[in-house]
Structures are given as C-alpha cells and as structure tokens.
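Descriptive structure summary
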Amino acid sequence: MQQSFVYFSILLCIFEIFKFKMPGTILENLSGRKLSVLVTVLLLSQLACFLVGLISPSPAGIQTILATVCVDPEPEVRDKWFSRNCPKKVDLRYDNALEGISPNNLVFVVEMPNFQQDFSRWQQNLAGVLQIELVYRSGQKLLNPMIELTLDARLAYSNKVKNGGKTPWTHYTNAITERYMDCIFNDTAIENKEGYPYDCSMVPLFELGSLYHDYYLLNLRLPYDSQKELNTHLLKVEEIFLHMIHMNGGFTKVWISLKSIFFPIIVTIMIWFWNRVHLLSRTPALLEYMLIVLGGTLAFLDLPIEYLTLHFDMPYMLLLSDIRQGIFYATLLSFWLVFTGEHMLIQETGERNSLRKYWKHLSSIAVGCVSLLIFDLCERGMHLVNPFSSIWVTPLGTNLALTFVICAGLCAGIYFLFLCYMIWRVFKNISIKRSVLPSMTQARRLHYEGTMYRFTFLMGATVVCAGITIVSFILNQYTQGEHNLDDSMDIELTSIIHTGVYGMWNVYICALLMLYAPSHKQWPSEPTCSEGEEVEFSRLSSEPSTTPNEISSLTSFVAKANIE
Amino acid sequence: MKQIIINNFVIRTMCFVIIINHSGFFVDCAEANVGTDVTIVGVARNKNRGKGSMWWGIAKAGEPNNISPTQPGVLFMDASVHGTLRRKQRRLAKENTGLLEAVARGANLAINECQYQFRNQRWNCSTKNFSKGKNLFGKIVEKGCPETAFVYAITSAAVTHSVARACSEGSIETCYCEKHYRRPQVFSNANTGAVANVRDFEWGGCSDNIGFGVDVSREFVDTGERGKSLREKMNLHNNEAGRWHVQAQMRQECKCHGMSGSCTMKTCWMRLANFRVIGDLLKDRYDGATRVTAHSSAALKNNKAHSNRLPKNPKLAAIMTNSIHTKRENKRKHKYAFQLKTYNSEHKPPGMKDLVFYELSPGFCDKDPKLGIQGTYGRQCNDTSDGVDNCAIMCCGRGYKTQEVVVMERCNCIFHWCCEVKCDVCKIKKKIHTCV
C-alpha cells in the first residue's frame, strides 16, 4: 500500500503543474497523455487493492460446536452457569439415559470458541445459528412443518487471566425468544421410519455486535409447558449444533489497513479540491457541493474507527457500519442523478441550480434509504438491547420487515429506471450535437470532441465500476455456493472481491474529485472563429460570469446547443 | 484359539399364548431368546486377510453402556485396546487426545448401522462378543464378498463421521484450525506451537471438521492395507467409498450477514448428515456392488480413474507433528491411485462411490463353522413381504413355523421433545414366522 502513497504524490505533482487558470474542469483540460498516466496510476492502485485481498483470509470464519447436554436437577434456581464439564451429562441419542429426566432439566451448553481457543477482538462480531437435529420416533407425528420453538437462552462471558485460567462466567444477557423451524420428512417410502432424521431449517439465534470478551458461554433450554403450549410440537431432539460465525482477524487487519491508507488520501484530495473551488471568484456549483459531500461520506466510511473496538466494547459497531455504508451509497446514488442532470438540463434561466430542483428524483433514494434504516434499526438496533431478538420471528415483524425491504427494493427500481432514462437523454443530446460538430472550426471541434470523449469515458468508467461490482458479487454468491472440499486453493476469492470492490469505489471517487475539480487553465485562443460562431460563443461565454454554476464546458456546450 | 459365538435374536415377548404351526395347534411357552446359537470355532490366523481391521475390537472396549461422554485419554490407557492397534494407530491416538474414543464410538455406530441395514437379510451383520479386532463381524470378513465390502465401507464411514462429530464436540483438540492460508510473516509470531495455533484461529478461523475426519480415517483405518494384493486394494477402495459417501452427504448451509443482513457477505458451512442416511446409501451400493478381478500388473500403474477423487489435504502433516507423514505424503498419493478391473469386462469399471468385491457370497443359509456363519435357523421372516425377508427366501426353502403371540408393547406414548414421558402397555396379537 506504500505504492499508493507514491502514486498519490505523483498525482498531486501532476495537478500542481496544471494548476493554471481556466474555466471548466481538469478532465477537459488534461492532455490525453496525462490523462492516460493518471488512469494508469488509478488502475495500478486498483490492482494493488485486489492484490491485498490475496494475503487476506476469507472475511468470516465458522466454527461448528456440538452442544453438551447437561442435567440441571433444579431448573428453578437460575443464577448458575453450566460449562462443558458439568457434573452430569447425557446423550440424547440413548433413551435409557433419559429415564426420570424432564425436558426442563436439560441444558444445552455451548462454550465458544471450541478447542481451547479464545476470541480476539480483531474478530469483531459473532453470530450464532442453531441446527437442531430431530429424528422420527414412532408415535410422534409432525403436525405442522412449521415447528414453533421457545428458547430460553442465556449468554455469559469470561476473560483470560494473565497467569493462565479464566475469570468466572459473568452474565452477559438472557432472553426467552421464539423461533420457527421448518421441518420436512423425506423418507415417506420407508416402512420403519424409526431413527430417520427430519430435514430441518437452521434457526438464527443471536448476533453480537462486538466481540469484546475472550470466551462466551451459551446455556440454552427448551422449556416444556403443556399449558402454555411451549415446545409441545417439538419432536425428538437428538443433537443441537451451534454454528458460530465470526469475522476473521486477518481480514479485519487487511480491511483496516486499507481504510487507514484510503482515509488520509481522500481527506487530502478533499482539501485540495475545496481549495481549488475557493480559488475561483464564484460560489461553488451544485456539482462541486455534491462532490465534496460524496468525498466526505467516503471519508466517513473510510474512517478506521474499528481500531477503537480493540479497546472499547462497542456493540453498536454493526449498526454503525451499516449506517456508514448506507449514507455513502445514498450519496453516491444522488451524485449520479445530479451529475447526469447537470449535464443535461438547459440553463436558459441562469438560475442557480440547487438540490431542490432534484427533489423528485432524489425522493426515491430518500424513501428507500429511510425504509432500510428503519429496518436496520428494528433488526440490528434491537440487537443492542437483546442479541437474541429478531424482527422475523413474529408474523407482524415479518410483514413489517418485508414491507420495508420491498419498499427499498421498489425505490431502487424506480431510481434505476429514472437514472437510465436520464443517461439516455444525455447521450441523445450529445449525439445530436455531434452532428453539428462538422460545421465548426477544426480547433473547436477537436476540443469539443475531446471533452465529449472524456465525458463518455467517465460515464463508461461508472458503468464499468457498477458492472464489476454487480458481477463480482454474483460471482461471490456463486463461488460460495460451490463449497469445495478441496483445501489446496490458497487464495480466497471472497476477500479479493471485497477488497477489490472497496478499493475500486475509493479509486473511483478519488478520480471524480480530481478530474472534476475546477481547472485554472485558460481556453486555447481561437482566432479562426467564424463570425456567427464567435457571436454564439461570446454569448455562451458571457454566461458563466453571470451564472457561475456552469462548471463544465461540456455543460455549457450542451446548453449552447440547446439554445441553438 | 477358541471363541464363542453368541447370536441373539431377541423377540420382546411377554408370553406366548397360542402357537399355530402349519401342521396344527399346540401350546408352547415363552422364549426370550430365539435362536441362541453357541458355536466354537477354531481360528486360523491368516496374515494377509483383513489385517488392517484389527482396530474394530475397540468397539467392544468402549461399550455403549458407557454412553456419557468419557474423559478423553482413558481409552488410550486400556491395555486390551492397545493390543488391537497397530503401531501407527497407537501413535495417532497418542498424538490426538480423544481420537480413540471417537474411533470407538464410530465402530459402535458402524455395528449398529450395519445391523439395522441387514436386519432383514440372511446375513444379519451379527457381531461376536470378542474383542480381537477383525473377527468382530465373524470370519466372513476373510472372504472378499459383498458383505465384507459393506463392513469395510461402513466402518470407515463411521470413523469419518464420528471423528468429525467429536471435533465439533471439542473432544479432539488437534482438529485443525489453521485453514488454508499461510499467514504472512508480518503477523505470525514465532512462539510455541500452541500459541501459534491460537493466533491462526484469530487470523483465519477454523476449517471444516470433515476434512480432519477424512484424513484421520485414511490414516487410521487404511493403515494396514499397503500390500498389492487384490484383497487390500478391495479394502482400500471400499474404505474410500465409505468416506466418499460421508463427504458427499454433507449439505451446505449459508448465512447472510452483510449490510443490513443482506447477502453481500455470506458464510457457508457444511452440515454433517445423519449416519442413518449414509447407511442407507451404502446399503444401496452393497446391493449394486461391482465384482472385480485381479488384473495384469501393467494396468495397475497408470490409471486415471481415481484422479478425480477428493484431493488429499496437505495440511495433515502440519497438525500431526510427526515428520513421517510428510515423507509418506508422496507414497500416499499412489496408495489410492489404482484401478480395479471388473470381473465382467463389459461392465463399466467401479467408480469411487461403488463397493467392490471379488468373491461371491456364501449362501448364509446353512451353518458354516469355517466362516462362522450361523445360517438362518430360527430367524424371523415375513410371509407377505416381497423383499429378502420373505419367508421363502430367508428360510432357504426349509419352511417356517408360524406362531401367534400376544406381545406387550408400549403404546399411546406421550413424548416430550427429549424423553418419553408416559406410555400405556398394550397387548398386541402378532404372527411371528420363524425359519425352521
């Protein structure tokens, strides 16, 4: 990543050289050679991001732990913890061990992590999924494939002591929650079904936003109560597995390193950009505001606050990272809309463009983001209070969650259609104007052709970036679906995709900030203008003094064309 | 050496009331053990046959009475167990605390499953209460017949399954956690092995337990089978087939935990199938087992049929600190690279999931003390069934007697999710057919 710094300083030098005066943006005034150098540098830093993914392990790790079944002779007394070496254990697969034991006596004990290891704070967060193995016993009928489970779950933590050993288990949280489990019985053809397994779905149990302690202990009970109908439809349980998912420390380290490198870069570019804007005699244009806000949200996303989790217990990190990503995506989507709009709208009135003009366009983003935020607050926000809660367990919650998610999806669809429509209009405008080009003088034509080319180039870059993101995530789903038992592959595609795509958007926004910063270069003199064009051009070029919002000569070109 | 074979076909019978024979009515009294058969068989040691299967004996060392999870390491100390193991197996057990308990549980799992799958067959997978390893299933395993193929496959599969389960239980501590990455030097600290293991967990998490199960099963179960005889190739092939089925029956489950719980971040894991499912599949393979024959030695060397087998995990050497493994690594690649030729050359060669045999089964109808077969005398059969438990088939045409008995059975049970709570005792009239 040191390379990035070098490239960055080269970039700054390039910009210092071209820091002389001119309306329009740097993109239009950069010579083809310099543009290609810049693009190469950006591509190289992009490549570096992909390469960083090579040393990283997969983003998340998994450990499957079989619950130890302990017998609690006094289920009423609750302030005690059962660990793996509890005094009396039973194996639910053997019936004769269970004589005289009631369901309420049984405690499923899971010590996390397994194999005498301990968690590291680099592992960030922890999610637990239950796998309950049910088997058929004659006389037990599956009444409803949706089995309602009542889980009495208690979580404790413990920490390493310096001279070896652990602190005693300390209560972390507890809850009685409900879950639904879908079970199917496959073997209808078999005569004697005794001992055949049911095919049951997984049961998400908890999600911890922070992994502050070294050890966690889950004590899970399945209380049975025929009056309250608790777990009455549950069939014979043979085993319970807990699959715990944690972030991998190696991935977190690589991720934070990426963030720590990008954060100062993006902040420096933002400062440079804002200085550039303020050097002008006009007030910043809407697109410039949008760019600086976009840079700001990216800087917020890049801010490596994960370092704090190494010292503080921050269970809200999951929620916070969702919000940070959400803000960034919302700004990026809004920027694309405004960017497209600013290159299309006819600016006859000379009015200052403001976001107000785009309220219709942006409202779809706003509605979508707000509904996602509410959903996230209901799910991950609730986890702050109760890690065992889930919005999906109650029918009302499921409907609510689905409403929010569908609403967000609809908004995304509307947004996308609208964006496509606008881009199509811009390209139509450009192609119309292209037909006018031959009637211009050669110098101007070359210049316009150049700017048009570069504008299309960046639009292309956006499409490519979005395309790569979508394709890589589809690829990611595919590769994860193909779980290979072959361990010989040393690279982890998932983490390469994550670091690569993350780096790509950073590079993309750095490029936007640099290329769309106002340029100080002067227009090349155009002595060979014919009179008619001169009139038009002077009319056009007189406008920027009155309407300082036109930051791009392409915008003015398109505007001029519209006037024609 | 002498041994006693006790064969139990227990009918849960309270009292027989009337027994209806083909010839007429007569009254008989209750009999708990039908067909108890005690034979004394002299054992001739045959060094080449089934020498890798001595370890089966530990099934009886860790008797299923001892069902509560035992303290790891206890079994290792057991002298009677020690005797049945080969040197390499002893070393594996020493290096992996808790492994022997898992293997013992696996062996019992295999016996139970085998007896379940063959409950209606002429050969019913009976075991002898005798701890000298390979004769656990009787001398039938000295023949290269389909039953032997099944026994090898199911024991190997059960060890794989049981070791993988023991890993998730945490009772084997050497299950690997260093995953498939070499950590960059910057992050690794050159401390003791234990600390490095913990740091590896921090860096890249743990790998699937099934990988360890398969590797340990290969090391432990296949250890004796290194000759070039057809019998050893057959054993290796069937052991691999058993493991293949355990791996193939793993099902993937995933959880999305990306932004707002979306699938931008998805983690998947493999779920171990219930062993009954694997037993069913192996039984199917037994029914369609391929007969092979010894082939010309030229064809032995270069054959690619096994090249698509699940690749060997190179990390085994890393967890088992002994350097012998790394030396053997190259040898091991060749160990499984052989192709068996079908007896009938028109049949297609056996794939890695197929069971193979080279001798036809004995009839199992009549007593054969040489092979330790008790015959089907006194076996229960079903007069209406179309399958092999049909009385005509089961009794090999000797005929059968029919008894109508009243059986006390538990019925109308109320279950809670863990335990049977309350049952009525019902008297049920049953017709029982027994081979004469």
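This one's a predicted model, so the numbers in the text were calculated from it and none came from an experiment.

Attention now goes to the pairing of strand β2 (residues 68-71) of chain A. Residue and element names in this part refer to chain A. The two faces of β2 match: T68 and C70 on one face and V69 and V71 on the other face are all buried. Where β2 and strand β4 (residues 106-112) come together, four bridges link them in antiparallel fashion. Looking at the pairing, C70 lines up with V107 of β4. Alignment of β2 against strand β3 (residues 89-90), held across two bridges, turns out to be antiparallel. In the sheet register, C70 faces β3, and the bridge partner there is K89.

A word on the sheet that holds β2(A). All names here are of chain A. Across the sheet, which stays open at both edges, the seven strands sit in the order β3-β2-β4-β10-β6-β7-β8 with antiparallel pairing between neighbours. Each edge of the open sheet is held by one strand with a lone partner, namely β3 and β8 (199-200). Where strand β6 (residues 146-158) meets strand β7 (residues 170-184), 12 bridges bridge the pair, whose relative direction is antiparallel. Looking at β7, one finds that T150 is bridged to E178.

On to helix α9 (residues 395-436) of chain A, then. Along its 42 residues, α9(A) runs 62 Å from first to last C-alpha, staying within 8% of the 62 Å computed at 1.5 Å per residue. Where α9(A) is concerned, the buried positions are A:G397, A:A401, A:F404, A:A408, A:C411, A:Y415, A:L419, A:M422, A:V426, A:N429, A:I430 and A:K433.

Between chain B and chain A, the contact holds 65 residues from the first and 93 residues from the second. Counting each side, the surface lost to burial between chain B and chain A is near 6,800 Å², with a carbon and sulfur contribution of 56%. The interface formed by chain B and chain A holds three salt bridges in total. A:E133 serves as the salt-bridge partner of B:R271, at 3.9 Å between the closest nitrogen and oxygen. For the interface between chain B and chain A, the tally reads 14 residue pairs in polar contact (both at pLDDT 80 or more). Mapped onto the side of chain B that touches chain A, the elements with two or more residues apiece are α6 (146-169), α7 (193-204), α8 (209-221), β5 (251-256), β6 (266-271) and α10 (275-287) of chain B. In terms of residues, the side of chain B that touches chain A owes the most to one element, α7(B), which gives seven residues. Considering only residue class, the side of chain B that touches chain A consists of 29 nonpolar, 20 polar and 16 charged.

For interface size, the figure often reported is the accessible area lost on association. All names here are of chain A. Under the domain assignment used here, chain A contains domain 1 (2-59 + 250-563) and domain 2 (61-247). Taken together, the 24 residues of domain 1 in the interface contact 25 residues of domain 2. A buried area of about 2,100 Å², summed over both sides, lies between domain 1 and domain 2, and 61% of it is on carbon and sulfur atoms. Notably, a salt bridge pairs R380 with E207, separated by 3.4 Å at the nearest N-O pair. Inspection of the domain 1/domain 2 interface yields eight residue pairs in polar contact (both at pLDDT 80 or more). For the side of domain 1 that touches domain 2, the secondary-structure elements that each account for two or more residues are α4 (249-279), α6 (306-309), α7 (317-342) and α8 (359-385). When residues of the side of domain 1 that touches domain 2 are assigned to their parent elements, the largest contribution, four residues, is made by α4.

It is worth spelling out a nonpolar patch on the surface at this point. All names here are of chain A. On the surface, L44, L47, L51, L54 and I55 cluster together into a nonpolar patch covering about 410 Å² of accessible area. Looking at the element boundaries, L44 is found in helix α3 (residues 32-55). Look at L44 and you get partly exposed, because its relative accessible area is 36%.

Core analysis: the biggest nonpolar cluster contains 123 residues, and A:F108, A:M112, A:L134, A:L218, A:V237 and B:W417 have the highest contact counts within it. Tallying contributions element by element places α6(B) first for this core, with 13 residues. Apart from the residues within four sequence positions on either side, A:L134 is in contact with A:I147, A:M181, A:C183, A:Y196, A:P197, A:Y198, A:C200, A:L234, A:L235, A:K236 and A:V237. A:L30, A:M247, A:F251 and A:I266 belong to the second largest nonpolar core, which has 66 residues in total.

The next subject is the environment of A:I65. Within the secondary structure, A:I65 is located in strand β1 (residues 60-66). Residues A:I65 and A:L130, spaced 65 residues apart in sequence, show a C-alpha to C-alpha distance of 9.7 Å.

With the rule as written, the count across this model stands at eight disulfides over all chains. Paired through a disulfide, B:C254 and B:C268 show a sulfur-sulfur distance of 1.9 Å. Around the S-S axis, the bridge from B:C254 to B:C268 shows a dihedral of about 100° and counts as right-handed. One end of the pair, B:C254, is in strand β5; the other, B:C268, is in strand β6, with 14 residues separating them in the sequence. When its relative accessible area of 33% is taken as the criterion, B:C254 is described as partly exposed. Between the sulfur atoms of B:C381 and its disulfide mate B:C391 the distance is 2.0 Å. When the S-S torsion is 90°, as for the bridge of B:C381 with B:C391, the disulfide is right-handed. Here the residue B:C381 occupies a position in strand β10 (residues 380-381), and B:C391 occupies one in helix α14 (residues 391-394), the gap between them amounting to 10 residues. Exposure class is identical for B:C381 and B:C391. Each is buried. Looking at chain A, its bonded cysteines, counted consecutively from the start of the sequence, adopt the pairing 1-2, 3-4. The closest cysteine sulfur to the non-disulfide-bonded A:C411 is located on A:C407, 4.5 Å from its own sulfur.

In this section: unusual backbone geometry. Going from A:M112 to A:P113, the amide bond is cis rather than trans, its omega being -10°. Within the secondary structure, A:P113 sits in the loop between β4 and β5 (126-135). Even without a glycine there, the phi angle at B:C396 is positive, about 55°. Relative to the helices and strands, B:C396 resides in the loop between α14 and β11 (400-415). Owing to a relative accessible area of 26%, B:C396 belongs among the partly exposed residues under this scheme.

Another aspect to go through is the pattern of salt bridges. Evaluation of the coordinates by the stated rule reveals 25 salt bridges over all chains. One salt bridge in this structure joins B:K88 and B:E219, with 3.1 Å as the shortest N-O distance. Here B:K88 is found in helix α4 (residues 87-95), whereas its partner B:E219 is found in helix α8, with 131 residues between them in sequence. Of the two residues, B:K88 and B:E219, both sit in the buried class. The residue B:E253 makes a salt bridge to B:R271 at a minimum N-O spacing of 2.9 Å. Of this pair, B:E253 sits in strand β5 while B:R271 sits in strand β6, placing them 18 residues apart in sequence. As far as burial versus exposure is concerned, B:E253 and B:R271 are alike and both buried. Taken together, the salt bridges that share partners define one network made up of A:E133, A:D199, B:R251, B:E253 and B:R271.

Take empty space enclosed by the protein next. Inspection of the entire model under this criterion finds 12 cavities of 30 Å³ or more. Of all the elements in the fold, those that place two or more residues in the lining of the largest cavity are β1 and β11 (236-247) of chain A together with α6, α8 and β6 of chain B. Residue composition of the lining of the largest cavity, grouped by class: 10 nonpolar, seven polar and two charged.

Tallied over the entire structure, the rule returns 22 aromatic pairs over all chains. Plain terms: the ring middles of A:Y196 and B:Y116 are 6.2 Å apart, the flat faces sit at 65° to each other, and that makes the pair edge-to-face. Note that A:Y196 is positioned in the loop between β7 and β8 and B:Y116 in helix α5 (residues 99-117), a pairing that runs across two chains. Judged by its relative accessible area of 12%, B:Y116 is buried. Three or more aromatic residues joined by ring pairs make a cluster, and in this case those are B:F118, B:W123, B:F150, B:Y286 and B:F364. Taking the ring centre of A:Y215 as reference, the NZ or CZ of A:K166 above it sits at 4.3 Å. In this structure, B:R276 is placed above the aromatic ring of B:Y116, and the distance from its NZ or CZ to the ring centre is 3.5 Å.

The rules behind each value
- Residues numbered from 1 in each chain as written.
- Chains lettered and ligands numbered in written order.
- Predicted model: local features only at pLDDT ≥ 70, side-chain atom pairs only at ≥ 80, totals over all residues.
- Heavy atoms only, no water.
- Buried < 20%, exposed > 50% of the residue type's maximum accessible area, 1.4 Å probe, protein only.
- Helix = DSSP H or I, 4+ residues; strand = E, 2+ residues; numbered from the N terminus.
- Pairing = 2+ DSSP bridges.
- Expected span 1.5 Å × (residues − 1).
- Contact = heavy atoms within 4.5 Å.
- Buried area = accessible area lost by both parts, 1.4 Å probe.
- Salt bridge = Lys/Arg side-chain N within 4 Å of Asp/Glu carboxyl O.
- Polar contact = N/O pair within 3.5 Å; in protein donor to acceptor, adjacent residues only side chain to side chain.
- Nonpolar A, V, L, I, M, F, W, Y, C, P; charged D, E, K, R; others polar.
- Domains from an automatic or database assignment.
- Patch = residues over 30% accessible without salt bridge, like charges linked within 9 Å, V, L, I, M, F, W, Y side chains within 5 Å.
- Areas by Shrake-Rupley, 256 points an atom, 1.4 Å probe, with all protein chains shown as cover.
- Core = buried A, V, L, I, M, F, W, Y, C linked by side-chain atoms within 4.5 Å.
- Disulfide = S-S within 2.5 Å.
- 1 Å grid on protein atoms, 1.4 Å probe; cavity = no way out; pocket = protein on both sides within 12 Å on 5 of 7 lines; lining within 4 Å.
- Points joined across faces, edges and corners; volume = space filled by probe spheres on them.
- Phe/Tyr/Trp six-rings, centres within 6.5 Å; stacked < 30°, edge-to-face > 60°.
- Lys NZ or Arg CZ within 6 Å of the ring centre and 35° of its normal.

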